[in-house]
Every structure is written in structure tokens, then in C-alpha cells.
Amino acid sequence: MPAVSKGDGMRGLAVFISDIRNCKSKEAEIKRINKELANIRSKFKGDKALDGYSKKKYVCKLLFIFLLGHDIDFGHMEAVNLLSSNKYTEKQIGYLFISVLVNSNSDLIRLINNAIKNDLSSRNPTFMNLALHCIANVGSREMAEAFAAEVPRILVAGDTMDSVKQSAALCLLRLNRTSPDLVPMGEWTARVVHLLNDQHLGVVTAATSLITTLAQKNPDDFKTSVSLAVARLSRIVTSASTDLQDYTYYFVAAPWLSVKLLRLLQCYPPPEDAAIRGRLTECLETILNKAQEPPKSKKVQHSNAKNAVLFEAISLIIHHDSEPTLLVRACNQLGQFLQHRETNLRYLALESMCTLASSEFSHEAVKTHIETVINALKTERDVSVRQRAVDLLYAMCDRSNAKQIVAEMLSYLETADYSIREEIVLKVAILAEKYAVDYTWYVDTILNLIRIAGDYVSEEVWYRVIQIVINRDDVQGYAAKTVFEALQAPACHENLVKVGGYILGEFGNLIAGDPRSSPLIQFNLLHSKFHLCSVPTRALLLSAYIKFINLFPEVKGTIQEVLRSDSQLRNADVELQQRAVEYLRLSCIASTDILATVLEEMPPFPERESSILAKLKKKKGPGTVPDPEDNRKERCANINGATNHSSTTANAKASAPSFIGDLLAPVLPPINRPRPVSSLSLLPTPLTPLSLQAYAMPLSPSAGSHFQVSSPASDLLSLGSASTLNSTPPSAPKASASLLVDVFSDNSPTAPIGAPAVVVADENFSRFVCKNNGVLFENQLLQIGLKSEYRQNLGRMYVFYGNKTSTQFHNFTASVVCQDGLNSQLNVHAKPADPMVEGGAQLQQTLNIECLSDFVEAPVLNIQFRYGGILQNISVKLPVTLNKFFQPTEMGSQDFFQRWKQLGAPQQEVQKIFKAMYSMDSEVTKAKIIGFGVALLDGVDPNPSNFVGAGVIHTKTSQVGCLIRLEPNAQAQMYRLTLRTSRDTVSQRLCDLLSDQF
Amino acid sequence: MQFMLLFSRQGKLRLQKWYVPLSDKEKKKITRELVQTVLARKPKMCSFLEWRDLKIVYKRYASLYFCCAIEDQDNELITLEIIHRYVELLDKYFGSVCELDIIFNFEKAYFILDEFLLGGEAQETSKKNVLKAIEQADLLQEVCCSLPSS
């Protein structure tokens, strides 16, 4: 290179830079810079016109000062003047200054654009390139407005020089990224695609990037690029390494272009044309084969370039997700890299395998590397590599290896870097819940989490374990025993105290029979932690204590003593004081019956998406941390029709059939435990399962005041609201509404935003056959939630209308219609709803339901309101089904078969054989049968995999006994359902309802 | 690619190229954060790391760190070789380049980068072609420089 090129005579600049470098301190540097700025300012303001050289020199100095990190507020005009200089070097510095220091001063922009326009039309390729580089570097809207039409013309013009074409392509790419609306598609698009065939590989390289960006937004317009890209790629991968001359990089043929072409192909599904598809498969195979060949050079550049192409090819294979052999080969290749001595390759292999794990074709192949990945977790010295290993373990987890993976993650957690602990905690919590066959393992795992990394266990995690324990009665005793044991540790984390307090308060009775965990011992254990805890935890413990008074009358005195002590009754914290006062008073004045009702066990939580998964998603950004199994299903349901992968996946998720979503989401099956219905629960206030937050968080003053010390027990009753301690008093309807919002918040199958509000009347209907609460309907304006309870032939349904907009709904009416003959079979009385629903508010309507005789049709809820002056009509089928009027009947085996025989008449039996629609999980099936309303009878059927249930349908006029038998055949993925009842219409209807659920 | 930064072992920024519109304040914040993060890493660690929602690819050459921020779908290894090719270009142009060359001829470093990368994408990967373009510009420069004296 000629020596002259290094310095082009700006001696002043070199001197200035040396001066700055010689400054001993920051102060000295600032002083020197200020001196220079003053000098330049005076030169620019001076009377004497500066020659081009001086202007260039000073502008360059200003640029240097700016790049050092100082603010520059003048000199722009001089730089703009340089643009129109006919000396290349001055023009070049002017453009550099403009590119780095864009100023939105509109006068200047106009001048700059003028200069660019001149250079673009100069037909001098060097000047044109400078102008195009400037547009690409600045990329502002003003420039897009001025040049979005001109640049495509230059790009496709026949006489444009190659180097100008390259700049124009990437310039256009930048404009398209920043202002896509200003770049018009047009006749040029077809010609751009043909640049893939250009002779000059530099032009192809630049054009491929542009086409990829455009194809992501308008895939249809650029479809023809697929065959051209495959052809080009094929020529590259089969070329001898010398064919491409200077585009060969360390013996790898055009690695940048190869990567870009493979990237472009990822905008499309596998080619439909068999020939093109075959050619592409050949290319991919060749790339995989080359990975096995001995390296042509020992230089890291050689292996990096080669592997860059390989990884991009693997990305394409994963994107297509259609060729099992390629997927498995890719997986094996990555498996080799997992043990490579280059850290970079190990990192990338772990990362890439994460996506392979979500393909059903390669999931099993990925799993074979589990030991290597676990080993990486233990031995990698770089935290970013270990992080990838955690991600991969999470992605490869399924039922078969969940215990091993969770155990490994837990043991890694003990020494994990603080920066990733919270994420690991969330992942462990999700996997433990999702793959728990045995819920005792789940409880153990979460308690271990709290023990090992208590500080990183967020509220969502411990709320979740409580929700699960409350909803599953088979694990409650074990949970009580385990927390009791865990609390024995002299130092335990406050989160453990919270879980322990809650669980013992609810289920301490289940272990109280053991003298080692007698009520008093339990209480003393909890209370020994009390003083070390924060106020919210103490508040929770006080609630646990009052629950103890109900569970264990024998410790009432001890607990009252504690509540009465000055440290409680006169506690400086108003919440603790209030709880102590109220609980003490309640325990003194309420009879055992009332206490039992008020302090009744928490009802099961409505099913909802795991709040933990939501949190992980929030933490990592949507789409990046999909629920592993969800993702697997989605990918295969969605084989590459997608061009914009992330957004279609999100849509698929949102609009997936809700029941499937429910089964896959780590949500517990609905369990409507047959609970003794106390007379109080039919009082006007709904039995509201409150969110856990309400239990843990301070009671609001209005809620607290409801338990006024002075009010006698009879008042509590006559208020009609004391059904449980946890229900919200009617005096605070607002609070009640907001809590309900929370209950509904996560589990609703929200329609994708932007989708037209199609009113499908019964899309969620069948979801409610086996459960009573949830979201019935949702569109962009309105969400309708239901809570219902039934007793014998009566029912009550609470309908919640949530206004999702920020404006009012006017003239709101909601009425129930029983069509045709239904009105003689079913009485539904709707209380009139408020005619106005404020923006963001929720309106509650109560329906009283009476079943007169058995029925088939469902009542329809008609809603009308005005939103923004437009009348909205929505009709929804109300999920009032015959099985809601079931009362479960427990009976022994002998009894059952005797009755089964009695109902042997042909018209009494209805049988249906059907294919399983969902996975055949026996726990889920059990939960559904219980949710259906019958008693699930264990040990009745000689075949343990069959399910048998019994119940009585109550109508006003009669009662109909009903026996159910469900025989799964896992091999054939089929079920046989048999129903016998004393009335044929009932048998038929129940069979129709239930057979839809599996 | 969203941006490229060159900084010294002492944390002094030597070159910055932004391919996404950001405010000066934001740029300074990102630079500070990244310089700190990258300098804290040990020599044998891998060249990639997750940072915010971007992937950082970096490599050290003598006293200079070259650091690129790429998006999720972008290829890490090819980015590493983009860095290497840029170093080769600088090396060829300056004749065994050192940090001082980039300090004193910072404008050249920018010009070479613009010939090689534009809008964050590789424009011309042939070393010969890039250097040819720069040479031609230098020739023009010489003509211009000699004009005032003549």
C-alpha cells in the first residue's frame, strides 16, 4: 500500500491527536479540547473564507472530539458545505461527519439531501457510493422519503456498476428496516430476485441480504427466490475451493454468501417442487458430509467458516422440520461438537440442540446426549456455556427423564452463578410440576428449591405449590408431613415458613394423629419462627393460627394467649394488630359451628396457566422460553407454513383449541371435590376462592372492618357474608371484582389481537361440562367469566362481564332465553344487570337455575350493549348441562354390580366407542369423571385401568340413578363408555356430554 | 448486525458503528455496559454471550477488542469471521496494523468498514475488491491533495 495513503496531509489533526494522547489527566484533556473548540469556532466565524482543506481539517477534528465522547454543537454547516466540494477527499470527510453526527435540523437535511441527490446523479461510481453509504448509515425517515424511489432504480438499472449495485442493495435494506412503509414494492422487485443469478458474487452477497429482509415481510412477492437460491447454493457447495477465487475464505467457498442463502431459505417452507427439494437436500447432505472430512487447514478461520455454514444448514433443517434423517444427522453432528475442545463450538452445539429438542423427529436423538449435557453443567468453566446447558436440559426434558434432570438442576443450583439462579428456580419449578406423576416428588422438589435457593424463589413459585396442594387431596397429608419436617431445621428460609404456615393451617389435622406432630407441637414449631419473620409472613402465620383454633380446639387456649399478648394486640403494625384483635375476638364469640364455617378449608383454585411459566416467559421475552412440550406440538401442527415463525407460533398458541391448551399447560385438572355443602354457602355471596395473594397480603381495611370486634356472631350471620374467612364481604363489591379479575386473568383463551371479533356462541361450551368456573367467552371488547355452584336440582351461576376497553358500555342488557321446549324443563331466572359498564370494570350478574326435568338443549345468554355508538350483539350458549345436577353416590363393588344388572334393559344402556382426543392420562381422566359430578368408585371394576362412577341426577320431578363405566384402550387410543340409567333420554344425553371430554 | 465497537484493553473506545437508530445517551450507556462486560471475561471463555435480547460476538486482537451485536437469528461464527476479515483488511491497508494506526487514521478505519459492511450486512467479502475500492479513493485523494500546491 502506498505510504501516502496513510496521511493525506492533515498534519494539524495528527498534532492534535498526539496532544490529546499526551494529556496526563481527564481535566487536561478537557482543557485541550476546549482550547481546540474555541479555535475552530473562531476560524468558522472569522471573516476570512476558509479554504476547503482547512474546513476539512477542522471538521475532522470536530469528528474526533465527538468520537472521544464529547458533545459537538456546531460545524454541521461547514460539513454540509464539504459535501458539495468537487474534491473527493473533502466530500468524503463531509459525508463521514454527517453519517456520524446526524442532526435533525430540517434546513440542513434539505441541504444534505440536495448534495446526495447531486452525487447520485453524477454517474461517477465513487461519488454515488459515497452518497449511498451516507443514506445507509443515516437511514432516517427524511432520507427514506427523499430516496426510497431513486435507490431501487439505481439497483436494477442495466448500466449500474457492480460496486454501486452492492451499495444500493444494502442501502435499500437499511431504508426498508427503518421505514418499510416508505419503500414501495414495484416492478423492480422481480428484477431484484434475479440478482441472485448475477455473475459478480459481491452483488449476489449484497442482494441476498436485501431479498431476505424483503421476503420476511412479503414472502409471496419473493417466492421465486427459493429456486434461484437453491441453485446458487448448490453451485457453491459443489465447487472446488479455487473456483470462486477471492470469495473463497480459508479454503471454504463463499461462506458469507452460503450463510445468507441458507438464511433466505429459512423464510420459506421446504420447496414444493420435488426437483428443487431434492437439490436442496443434496446441498444439505454435502454440507453435513464436509463436516466429517479432515480439515483443509489448521487455522481457526477455516473451521469457523466451515462450521458457520454447517450451523446455518442445521438451522434450515430444523426450520423445515420435515426430513427425519437430516434432523437425526444434524443431531449427531451437534453431539460431536458437544465434546469439542473449542468452547465456541460447544456453546453453539448446546444452543442449536435446544431447537432440535423441540422437533418430534429429533427429540429422542437429543435425549441420548443427556449425560454429556449434565457433564457440561458440572465442568464448563464459562457461565454462558453452562447457561446454554441449563436451557438444553430444560428443552430435552420429558416424563422419562424429568426426575434425573430436575435432580441435576437442583444440585447445580447450589453452586450456580447468582445471575442465573432465579431462572433455574423457575425452570425447576415448571418441570417438576409438569412432569410430576407422583405429587409427593413435586412437593419434595419445591421444598428443596426453597431450601437451596430460598432467596430466588419468587412468590409465583410458592403460590403455585400451595395451589397444587389445595387442589389435590392425595398429596395434602404428605405435604403437611414434609413441611413439618422441613420446619424442624433451626434456620429455614422465610418462604418455607410461608408455605409451612399455609399448609399446616389447612391440613395440619392430617398429621395431628402422630404424637410427634401433635397440634401443640405444630403450633409451637410455627410460632418459634414467628419472631424472625417479616410482617407479611407474620400476618400469614396469624391466619394459620386462627385456622388451628378451628382444626384443634385443644390448642385454642394457647393460641388465644398468644393473640392476647401485647406484642400482638398492641403491635405497631396496624395489619398485625388488626388481625390479632379480630381473630382473638372471633375465637371468643363464635360457636364451633360458625368457626367451622368461617374457617373452612380453602376451596380448590380454578385451573389456570401456571403463573410460573408466565413469569419465565416475561423474564425471557415471549417466544424464547416456550413450554417445552407445547412447543413440540405446535411445531408439528404448524409444519412450516409459517414464514414469520415467531408471530405465527404466537398466534397458534393463542388460538389453539382451548382444551388441548389446558391439558398441555402445566395446569391441574379440574377437581371438584365433593365437599360438604354447608347451608351458608348458598347464601347470596359466592364462595369465592380467593387468590393466594389475598391470603398472604394484608386484609384491606374495609375487609378487616367487616370483622368488627363489637359485632356479635349473629350479625356476622345476618350480614350473610361470613361464609368463609376468605370470602370478600359484600360491602366491598369493587374489591371482589378485582379479585375475580385476577382469578380469571391467566387462563383465558384470548382471541388473537387484530382478529375479527367472531361471535361463536358455543366454542367454550364443552370445557364447562366437567368444571364450573372459567372464561366462557372473550373477544376484543368483552370477557365473560362464570362461576357456578349446584346443589341437587338447584344451581346458581355468577356471570362476570368484564369490559376490556377503556370506554363505557351503554345500554347493557343480558338476558337468558330457554328456547323451544327447554323452558318447561329448566327455569333460569336472571337478575337484571346494571345498564352501564365502565371501562375496565367488571359487572356481575346472578342467575338462579332450577332443573324441572331432564333436558338436552342449553339456555342462551343474549347480551346487548352500545360501544362507541355501535350496537353489539353477542349470544353465548350457557353451559348448564344435565350432569350439573348430579349428586355423587358412593357404593361398594357388590352394590354397584347389583344395580348395574337391575338397569339391564336395552333402552337403559347407552354405549359409545370413540377415539381419544387428548392424551390418555389416568389422573386427568379421574379428575374429569369427578368433575362430571359422579363419585369415582375405586376397586369396583376388576380391571384397575377402567373407571367406574355412580351418581343421582336431581330434577324437581324425579331423581335418576346413573352408573358409568369408562374403559380405556391405550394401545388403540380408544375408549368405550357405557352409561346405564333408569331413563333412556338421560343415558343418551349424559353419554353425549361425557364422550366429548376424553 | 446492530452495531460494532472497537475498544482497547483500557476500555477506550476506538471505533463505533451503529446500524440501528439510537440516541447518543443510549449509545453511551450500551458502550459502557458492554466494554465492562467483555473486559471482565477471561481469555479462554467463549466468544459469544447473551446480552439483553442480542447476541454479542467478540474477539481480541492484541490490545484491541472487536465486538459485534447481532440478532437472535444471526450466525455467530460467520460474525466472528467478519471481524477477522475486517482485521485482515486493516492489516493489509496499514501494513501490520496496530492500535495507533486506527487512532491516527480513524477516518480510514471508517471508510474501510463502509466498503466491507453496509447497513450491518456484508457488502463485499472479497479482500481484493474492498482494497481496490479504497485504493481508487486514495488515488483520487492524491490528485486532490496535490491540487492546492500546483
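What you are looking at is a predicted structure, and each value in this text was computed from that prediction instead of being measured.

*Asks:* A description of the overall build of chain B should follow, citing residues and the corresponding values.
*Replies:* The helix and strand inventory of chain B stands at 5 helices and 7 strands. Listing each helix as α and each strand as β along chain B from the N terminus yields β-β-α-β-β-β-α-α-α-β-β-α. Long-range contacts, defined here as pairs at least 24 residues apart, represent 48% of the contacts in chain B between residues at least 6 apart. When the accessible area of chain B is evaluated, it comes to approximately 6,100 Å², of which 53% is carbon and sulfur surface.

*Asks:* How would you sum up the nonpolar core? Please name residues and give values.
*Replies:* Formed by 273 residues in total, the largest nonpolar core has its most connected members in Ile116(A) and Tyr86(B). In terms of residues, this core owes the most to one element, helix 2 (residues 76–94) of chain B, which gives 11 residues. Sequence-distant contacts of Ile116(A), defined by excluding residues within four places in its chain, comprise Tyr95(A), Ala131(A), Cys134(A), Ile135(A), Met143(A) and Phe147(A). By size, the runner-up hydrophobic cluster in this structure holds 60 residues, among which are Leu786(A), Ala833(A), Leu966(A) and Leu990(A).

*Asks:* So what's going on with the interface of chain B and chain A? Residues and values would help.
*Replies:* The accessible area lost on association of the parts is a frequent measure of interface size. Between chain B and chain A, the contact holds 64 residues from the first and 73 residues from the second. Interface of chain B and chain A: buried area, both sides summed, is about 6,100 Å²; carbon and sulfur atoms make up 57% of it. Our count for the chain B to chain A interface comes out at 3 salt bridges. Residues Asp382(A) and Arg41(B) are paired through a salt bridge, measuring 2.9 Å at the closest nitrogen-oxygen approach. Ranked by residue count, the leading element in the side of chain B that touches chain A is helix 2 of chain B, at 12 residues. Broken down by class, the residue content of the side of chain B that touches chain A amounts to 26 nonpolar, 12 polar and 26 charged.

*Asks:* Which residues make up the sheet that holds strand 4 (residues 782–791) of chain A, and what values do they have?
*Replies:* Residue and element names in this part refer to chain A. Spatially, 3-4-5-8-7 is the arrangement adopted by the 5 strands of the open sheet, whose pairing is antiparallel. Looking along the sheet, the strands with just one partner apiece sit at the ends: strand 3 (774–778) and strand 7 (826–830). Ignoring which end each strand starts from, the neighbouring axes of this sheet average 25° apart. With 4 bridges connecting them, strand 3 and strand 4 associate as antiparallel partners. When the sheet's bridge partners are listed, Val 775 is paired in strand 4 with Gly 785.

*Asks:* Can you break down a positive patch on the surface residue by residue, with the values?
*Replies:* All names here are of chain B. The grouping of Lys 25, Lys 28, Lys 29 and Arg 32 at the surface amounts to a positive patch. In this structure, Arg 32 sits in helix 1 (residues 24–39). The exposed category is assigned to Arg 32, whose relative accessible area is 56%.

*Asks:* Now, about the sheet that holds strand 10 (residues 870–877) of chain A: what can you tell me, with residues and values included?
*Replies:* Residues and elements named next belong to chain A. The 3 strands lie next to each other as 6-9-10, forming an open sheet whose pairing is antiparallel. Looking at strand neighbours, the two that pair on one side only are strand 6 (810–817) and strand 10, the edges of this open sheet. Within the sheet, the average angular offset between the axes of one strand and its neighbour, ignoring direction, is 15°. Relative to strand 9 (residues 860–867), strand 6 runs antiparallel, the two sharing 6 bridges. Bridge pairing in strand 9 links Thr 813 to Gln 864.

*Asks:* Can you tell me about the confidence of the model for chain B, naming the residues and giving the values?
*Replies:* Low pLDDT means the predicted atomic positions in that stretch should not be read closely. All names here are of chain B. Across chain B, the average pLDDT comes to 89, with 93% of residues at or above 70. Confidence scores differ between elements of chain B, with helix 5 (residues 127–149) showing the lowest mean pLDDT of 72 and strand 5 (residues 64–70) the highest of 96. In this model, residues 145–150 is a region of pLDDT below 50 whose contacts with residues beyond four sequence positions or in other chains number 1 contact. Interface confidence for the predicted complex, given as ipTM, is 0.94, next to a pTM of 0.66.

*Asks:* Quick rundown of the pattern of salt bridges? Include the residues and the values.
*Replies:* Between side chains of opposite charge, a pair can form when the charged atoms approach closely. Counted under the stated rule, the structure contains 50 salt bridges over all chains. With a shortest N-O distance of 4.0 Å, Lys912(A) and Asp992(A) are connected by a salt bridge. With Lys912(A) in strand 12 (residues 909–915) and Asp992(A) in helix 45 (residues 984–995), this pair connects stretches of sequence that are 80 residues apart. What emerges from the salt-bridge pattern is a single network uniting Arg388(A), Asp391(A), Glu423(A), Lys427(A) and Glu50(B).

*Asks:* Please set out the environment of Arg983(A) residue by residue, giving values where relevant.
*Replies:* Residues and elements named next belong to chain A. Turning to its location among the elements, Arg 983 is positioned in the loop between strand 16 (974–981) and helix 45. Look past the residues within four positions of Arg 983 in its chain and what remains in contact with it is Asp 854, Ser 958 and Val 960. Looking at Arg 983, its side chain comes within polar contact range of the side chain of Asp 854, at 2.8 Å.

*Asks:* Which residues make up helix 22 (residues 402–413) of chain A, and what values do they have?
*Replies:* Count 3.6 residues to each turn of an α-helix, and residues three or four apart come out pointing the same way. All names here are of chain A. With 12 residues, helix 22 should reach 16 Å at 1.5 Å per residue; the first-to-last C-alpha distance of 16 Å fits that figure. For helix 22, every residue scored as buried is listed here: Ala 402, Ile 405, Val 406, Glu 408, Met 409, Leu 410, Tyr 412 and Leu 413. Those residues of helix 22 that are buried lie in contact with helix 20 (370–379), helix 21 (383–396), helix 23 (418–434) and helix 24 (439–453).

*Asks:* I'd like to hear about the confidence of the model for chain A, residue by residue, with values.
*Replies:* All names here are of chain A. For chain A, per-residue confidence averages 81 on the pLDDT scale, and residues scoring 70 or more make up 84% of the total. This stretch, residues 1–7, has a pLDDT under 50; its non-local contacts, to residues over four places away or in other chains, come to 10 contacts. Confidence drops under pLDDT 50 across residues 633–759; counting only partners more than four residues distant or on other chains, this segment forms 247 contacts.

*Asks:* Which residues make up the pairing of strand 2 (residues 13–18) of chain B, and what values do they have?
*Replies:* Residue and element names in this part refer to chain B. For strand 2, the buried fraction is high: 5 of the 6 residues fall into the buried class. For strand 1 (residues 3–8) and strand 2, the ladder comprises 5 bridges, and the chain directions are antiparallel. Residue Phe 3 lies in a different strand from strand 2, and its bridge partner there is Trp 18. Two successive antiparallel strands, strand 1 and strand 2, enclose a turn made up of 4 residues, where Gly 11 displays a positive phi of approximately 85°.

*Asks:* I'd like a rundown of the packing of helix 28 (residues 519–530) of chain A against helix 30 (residues 556–564) of chain A, residues and numbers included.
*Replies:* Residue and element names in this part refer to chain A. Direction vectors running N to C along helix 28 and helix 30 enclose 20°, while the axes themselves pass 10 Å from each other. The angle between helix 28 and helix 30 falls in the class roughly parallel. Where helix 28 crosses over helix 30, the two elements pack in a sense that is right-handed. On the side of helix 28, the interface is formed by Leu 520, Phe 523 and His 527, while helix 30 contributes Thr 558, Ile 559 and Val 562. In terms of residue class, the contact of helix 28 with helix 30 is made up of 4 nonpolar, 2 polar and no charged.

Definitions and cut-offs
Residues numbered from 1 in each chain as written. Chains lettered and ligands numbered in written order. Predicted model: local features only at pLDDT ≥ 70, side-chain atom pairs only at ≥ 80, totals over all residues. Heavy atoms only, no water. Helix = DSSP H or I, 4+ residues; strand = E, 2+ residues; numbered from the N terminus. Contact = heavy atoms within 4.5 Å. Areas by Shrake-Rupley, 256 points an atom, 1.4 Å probe, with all protein chains shown as cover. Core = buried A, V, L, I, M, F, W, Y, C linked by side-chain atoms within 4.5 Å. Buried < 20%, exposed > 50% of the residue type's maximum accessible area, 1.4 Å probe, protein only. Buried area = accessible area lost by both parts, 1.4 Å probe. Salt bridge = Lys/Arg side-chain N within 4 Å of Asp/Glu carboxyl O. Nonpolar A, V, L, I, M, F, W, Y, C, P; charged D, E, K, R; others polar. Pairing = 2+ DSSP bridges. Axes fitted to C-alpha atoms, helices over the stretch in contact; angles between N-to-C directions. Patch = residues over 30% accessible without salt bridge, like charges linked within 9 Å, V, L, I, M, F, W, Y side chains within 5 Å. Lys, Arg positive; Asp, Glu negative; His and termini not counted. Charge placed at Lys NZ, Arg CZ, Asp CG, Glu CD. pLDDT = per-residue confidence, 0-100. Polar contact = N/O pair within 3.5 Å; in protein donor to acceptor, adjacent residues only side chain to side chain. Expected span 1.5 Å × (residues − 1). Parallel < 35°, antiparallel > 145°, perpendicular 65-115°, else oblique. Left-handed = near helix turned anticlockwise from the far one by under 90°.

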